[in-house]
Amino acid sequence: MTVSTSTAPSKLPGWVTGFGPQIIAALVLGLALGLVAKYTGSTAQEPTALGQGLQIVGSSYVSLLRTAVIPLIFFAVVASIANLAQVTNAARLAWQTLLWFAITSLISVVIGIALGLAFKPGANTGQGMPEDYDGRTGSWLGFLTGLVPNNFLGLGASTSLAEDGASTSLSFNVLQILVIAIAVGVAALKVGEPAKPFLDFSASILAVIQKVLWWIIRIAPIGTVGLIGNAVAVYGWDTIGALGKFTAAIYVGLALVLFVLYPVLVRVHGLGVRQYFSGVWPAVQLGFVSRSSIGTLPLTQRVTERNLGVPSGYASFAVPLGATTKMDGCAAIYPAISAIFVAQFFGIELGLTDYLLIALVSVLGSAATAGTTGAIVMLTLTLSTLGLPLAGVGLLLAVDPIVDMGRTAVNVAGQALVPAIVAKREGILDEGLYNAPRNGNPFADDSAQPLTVR
């Protein structure tokens, strides 16, 4: 008998094909191209061919992300509210869940503000205000009136006059869309069976949008080259140092939330810190690599049920809701430090009212983060509310992939923590499962027996 053998094609090592290494390589390449553009005469007003190319690549990537934000927010919030119908004692559990989401977000944003003031990541850059900045500042009245939708789409339009004619630009108000989505979701829940086709349609649309967003996330290395390259070409060495300090401040804040705040909350509720981390760690690791709370959702829900002992009926509501609204990384630490960075970078003074607005927007606006583009939504929302230059969005997106890994890991850890805390407080936590030995695989028992729905 003749035995034929074939040699499998050799594969590139993981450190070459992995997403993290690709982002690092993109940062290095973008930095190099940006410096070349800077020292060959490229400016914001008169870019060279290289400078213009970097600008186009970076702005196109940001536009791709922004395009999907609005439908993602609407359908993600509607789908999360629809899950309430599957929960026993839904009103009490929902209230407790949202309350603890708000409590942890508020503590996290205070940590972010304190670190922004301590690190001063954007100070002493010598940059002037953008030409299109009109000096508006945020106010409580503007925030509150902005919650009332102008129309069903939360759409606004502005027209500017120039020598060659008039131009009109459209914009969406994220908080108004959030209000509309909540109203529609609650109405669909009250209508009951007649609304089921609409809810099924919403869930289907959400799945499609998430897939498109995942494709956009996968081309992040290309966008990173353009964003960091354009930032360096426009602002020079000051940008590199400031963004490095900004990144360090973000990771210090994330570490304080994950390794100080969360363990304190776990201990206060009489649970083991070691068991919490060993239970949630598989999802935290996947969140760090995937940079998507929505993408990590199936594993987060599984470890919340199987490792932390949260009943599946409640977990099926709380964890998906958390994947769209529970964002201590994206919606608390990040927007707080980012807003302070942008203000310092452009030499704009912030007062007590501004810091209070940052906290309020972080707590209320976290429901608009929607799992994959949370940082972009919250950054835009926070800067708009405070009246800060939106040029800061493109600047900070240059290092967003590096920052986003840590942000998502903290988000995922919090999305499992709150259901465990609420279940413990309500007396429905399976502490036997919570304290059981870990085998390292939250799906290990699936082949032996079907998943039990408690």
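Relevant structure appears above.
The structure displayed is predicted, hence computed values, not measured ones.

Chemist: Just give me the short version of the overall build of the chain, but keep the residues and values in it.
Modeler: Counting its regular elements, the chain contains 18 helices and 2 strands. Looking at the chain as a whole, 52% of its 454 residues qualify as buried. Restricting the contact set of the chain to residue pairs at least 6 apart, pairs at least 24 apart contribute 83%. Accessible surface for the chain amounts to roughly 20,400 Å². Of this, 65% is attributable to carbon and sulfur atoms.

Chemist: Now, about a nonpolar patch on the surface: what can you tell me, with residues and values included?
Modeler: Together, Val-252, Leu-256, Phe-259, Val-260, Val-264, Val-268 and Trp-281 line one region of the surface with nonpolar side chains, adding up to about 600 Å² of accessible area. Looking at which element gives the most residues to the nonpolar patch, the answer is helix α9 (residues 237-268), with 6 residues. On the basis of relative accessibility, which here comes to 46%, the residue Val-264 falls in the partly exposed class.

Chemist: How would you explain the nonpolar core if you had to name every residue and give the values?
Modeler: Counting residues in each nonpolar core, the largest one holds 109 residues, and the members touching the most others are Phe-246, Tyr-262, Tyr-276, Phe-341 and Leu-388. Formed by 6 residues, the second largest nonpolar core is a distinct cluster that contains Met-327, Ala-331, Val-361 and Met-378.

Chemist: If you had to explain helix α17 (residues 400-425) to someone new, which residues and values would you point to?
Modeler: The terminal C-alpha atoms of α17 lie 36 Å apart, and with 26 residues this matches the ideal 38 Å at 1.5 Å per residue to within 8%. With 24 of 26 residues buried, α17 is to be regarded as a mostly interior element.

Chemist: How would you sum up the side chain of Asp-404? Please name residues and give values.
Modeler: For Asp-404, the location among the structural elements is in helix α17. On the basis of relative accessibility, which here comes to 5%, the residue Asp-404 falls in the buried class. Reaching out from Asp-404, the side chain makes a polar contact with the side chain of Arg-407 at a distance of 2.7 Å.

Chemist: Go over the packing of aromatic side chains, please, and point to the residues and values.
Modeler: Within this structure, the stated rule accounts for 8 aromatic pairs. An angle of 80° between the planes, with centres 6.4 Å apart, marks the rings of Phe-75 and Phe-201 as edge-to-face. Remark: Phe-201 occurs in helix α7 (residues 196-218) and Phe-75 occurs in helix α3 (residues 49-82); sequence separation between them is 126 residues. Where Phe-345 meets Phe-346, the ring centres are 5.2 Å apart and the plane angle is 85°; that geometry is what we call edge-to-face.

Chemist: Summarise the pattern of salt bridges; cite the residues concerned and give the values.
Modeler: Applying the stated criterion to the full structure yields 4 salt bridges. When the shortest N-O distance is used, the salt bridge between Arg-92 and Glu-426 registers 2.7 Å. In this pair, Arg-92 sits in helix α4 (residues 90-119) while Glu-426 sits in the loop between α17 and α18 (431-434), placing the two residues 334 residues apart along the sequence. On the basis of relative accessible area, Glu-426 is assigned to the partly exposed category, the value being 22%. Salt-bridge contacts for Lys-424 lead to Glu-431; the nearest nitrogen and oxygen are separated by 2.8 Å. Residue Lys-424 is classed as partly exposed on the basis of its relative accessible area of 26%.

Chemist: Any chance you could break down helix α13 (residues 329-345) for me, citing the residues and the numbers?
Modeler: At Pro-335, α13 shows its largest bend, some 35°. Across the 17 residues of α13, 17 count as buried, placing the element largely inside the fold. A positive backbone phi angle near 70° is found at Gly-347, which sits one or two residues after α13.

Chemist: Go over the environment of Leu-299, please, and point to the residues and values.
Modeler: Counting through the fold element by element, Leu-299 comes out in helix α11 (residues 293-306). Residue classification places Leu-299 among the buried residues on the basis of a relative accessible area of 15%. Spatially, the C-alpha atom of Leu-299 lies 9.4 Å from that of Val-280, the residues being 19 residues apart in sequence.

Chemist: I'd love a proper account of the packing of α13 against α17, names of residues and values included.
Modeler: Where α13 meets α17, the closest approach of the two axes is 9 Å, and the angle between their N-to-C directions is 130°. By the angle between their axes, α13 is oblique relative to α17. Residues Gly-329, Cys-330 and Tyr-334 of α13 touch α17, and the partners they reach there are Asp-400, Val-403, Asp-404, Arg-407, Val-410 and Asn-411. Here the contact of α13 with α17 is composed, by residue class, of 4 nonpolar, 2 polar and 3 charged.

The rules behind these values
Residues numbered from 1 in each chain as written. Predicted model: local features only at pLDDT ≥ 70, side-chain atom pairs only at ≥ 80, totals over all residues. Heavy atoms only, no water. Helix = DSSP H or I, 4+ residues; strand = E, 2+ residues; numbered from the N terminus. Buried < 20%, exposed > 50% of the residue type's maximum accessible area, 1.4 Å probe, protein only. Contact = heavy atoms within 4.5 Å. Areas by Shrake-Rupley, 256 points an atom, 1.4 Å probe, with all protein chains shown as cover. Patch = residues over 30% accessible without salt bridge, like charges linked within 9 Å, V, L, I, M, F, W, Y side chains within 5 Å. Salt bridge = Lys/Arg side-chain N within 4 Å of Asp/Glu carboxyl O. Core = buried A, V, L, I, M, F, W, Y, C linked by side-chain atoms within 4.5 Å. Expected span 1.5 Å × (residues − 1). Polar contact = N/O pair within 3.5 Å; in protein donor to acceptor, adjacent residues only side chain to side chain. Phe/Tyr/Trp six-rings, centres within 6.5 Å; stacked < 30°, edge-to-face > 60°. Bend = angle between axes of the 7 residues up to and from the residue. Axes fitted to C-alpha atoms, helices over the stretch in contact; angles between N-to-C directions. Parallel < 35°, antiparallel > 145°, perpendicular 65-115°, else oblique. Nonpolar A, V, L, I, M, F, W, Y, C, P; charged D, E, K, R; others polar.

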